[in-house]
Amino acid sequence: MQMNTLREEIAELLPEMIGVRHHIHQHPELAYEEHATSDLVAQRLAEWGYEVHRGLGGTGVVGRLRQGSGGKSIGLRADMDALPITEATGLPYASQHHGKMHACGHDGHTATLLAAARHLAQTRRFNGTLNLIFQPAEEGGGGALRMVQDGLFEKFPCDAVFGLHNAPGQPVGTLAFRSGPTLASADRVVIVLKGRGGHAAMPHFSADPIVAGSSIVMALQSIVARNVDPLLSAVVTVGLFQSGTVNNVIPGTARLELSVRALDREVRKLLRQRIQEVVSSQAASLGVTAEVNYEEGYPVLVNTQAETDFAARVATELLGPQRVLLDKPPVMGSEDFAFMLEHRPGCYLFLGNGDGAGSCMVHNPGYDFNDAAMETGAAFWSLLVERYLI
Ligand SMILES: [Zn+2]
Ligand SMILES: [Zn+2]
């Protein structure tokens, strides 16, 4: 089949699907509250002939379409949730829900997958089982994990799963790939220090949690600098340090919160172990107690070699080699599609959102998904299915 034909077919669907994107953008819903969004997705999929399954992970939707007698199956994932940010784009289709905004482009991911869904249902140039996975709560809520725990891959077996995210700063009409660890694990650590409060003028009668906390903040820096292999990557950020009320009182407690990231499962374990050790020994040496609460978040996102190579070949067939970036550098952000990739081989890739107007970073009140990127995303999804399910 000619690539031009595929692109023309997709182009015909785009005005309507861009309208769908703007509608979702106007009505953003936060994690696990994607009721109207999942209604829209379910309704469209049903109209186009998909078997629609709801309720996985709460508001998750899976659309299944079988074609021919082929035994292969593929899963394509889009995320549906918005962020608690007040939009400042001034767009005509800006959020109508104050304090909520599609500032990560999940409206675009959902509409792009819907565009491909419609095209694939119309053309049916594949042989096997297509599973479209619309997940809730990517932004910290672990919606992908909830869907997996609810039996996603038992109910909808997938030989491989694929997901994409828009990438501000990457030119429109390009796709970027990386095999192996691509996004970091992200854990949250809450440390509560308990000392003995007192008068600022009589520190010798106190056990000062601010001094202990300060010492801990500095000592934590030594983990990345001195314990982690310098050729590997890790982040230990203290994003919160709260204590005290007034200058002349030594407080009794302090609270620290850390964001801990790694691109390697072993490094992740090492960070956990060293944080425990550093915090408890520093606290003990300064006469306070430390309670360390380690909350494991998203795992390292690891793309498998064969599926990444396959997806990159499809992208090259569609776009030509000059619009496909291989070996995209990893980043220390995280993504809960990593949970799906812990269960199935697959690839998470990046769709250019633009290096001009589309370069505003995600999670910014001025960000918007670039509608010009939708054609590339939808055409890629369609061709990936056509080439995978043969
Ligand atoms: Zn995000
Ligand atoms: Zn996102």
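Analysis parameters
- Residues numbered from 1 in each chain as written.
- Chains lettered and ligands numbered in written order.
- Predicted model: local features only at pLDDT ≥ 70, side-chain atom pairs only at ≥ 80, totals over all residues.
- Heavy atoms only, no water.
- Donors = N, O, S within 2.8 Å, 3.2 Å for Na, K, Ca; no water.
- Tetrahedral: all angles 85-135°; square planar, octahedral: opposite > 155°, others 65-115°.
- Helix = DSSP H or I, 4+ residues; strand = E, 2+ residues; numbered from the N terminus.
- Buried < 20%, exposed > 50% of the residue type's maximum accessible area, 1.4 Å probe, protein only.
- Pairing = 2+ DSSP bridges.
- Axes fitted to C-alpha atoms, helices over the stretch in contact; angles between N-to-C directions.
- Contact = heavy atoms within 4.5 Å.

## Notes on the coordination of the zinc ion (ligand 1)
Part 1 of the argument: Here the zinc ion (ligand 1) is held by Cys104 (SG), Glu139 (OE), Glu139 (OE) and His363 (NE2), and the distances to it run 2.0 to 2.7 Å.
Part 2 of the argument: Coordination at the zinc ion (ligand 1) is irregular: its four donor atoms span angles of 52 to 150° at the metal.
Part 3 of the argument: When the donor residues of the zinc ion (ligand 1) are listed from N- to C-terminus, their spacing reads C-x34-E-x223-H.
Part 4 of the argument: Taken as a pair, the zinc ion (ligand 1) and the zinc ion (ligand 2) lie 3.1 Å from each other and share Cys104 as a ligand. Here Cys104, found in the loop between strand 3 (73-79) and helix 3 (106-123), pairs with Glu139, found in the loop between strand 4 (128-135) and helix 4 (143-149); they are 35 residues apart in sequence, far enough to count as distant.
Part 5 of the argument: What makes Cys104 buried here is its relative accessible area of 6%.

## What about the sheet that holds strand 8 (residues 185-194)?
Part 1 of the argument: An order of 10-12-8-13 is seen for the four strands of this open sheet, with the pairing classed as antiparallel. The sheet is open, and its two borders are formed by strand 10 (234-243) and strand 13 (289-298), each paired with just one other strand. Sheet twist, expressed as the mean angle between neighbouring strand axes with direction ignored, is 15°.
Part 2 of the argument: Across the sheet, helix 6 (residues 209-227) is in contact with strand 8, strand 10 and strand 12 (253-262); its angle to strand 10 comes to roughly 175°.

## Some remarks on the sheet that holds strand 15 (residues 324-325)
Part 1 of the argument: In spatial order, the strands read 1-2-4-3-5-16-6-15; together these eight strands make up an open sheet with mixed pairing. One side of each edge strand has no neighbouring strand; the edge strands of this open sheet are strand 1 (51-54) and strand 15.
Part 2 of the argument: As paired strands, strand 3 and strand 5 (residues 160-168) are joined by four bridges and run parallel to one another. When the bridges of strand 5 are listed, Ile74 appears paired with Ala160.
Part 3 of the argument: The sheet strands contacting helix 2 (residues 35-47) are strand 1, strand 2 (61-67) and strand 4, and the helix crosses strand 1 at an angle near 160°.

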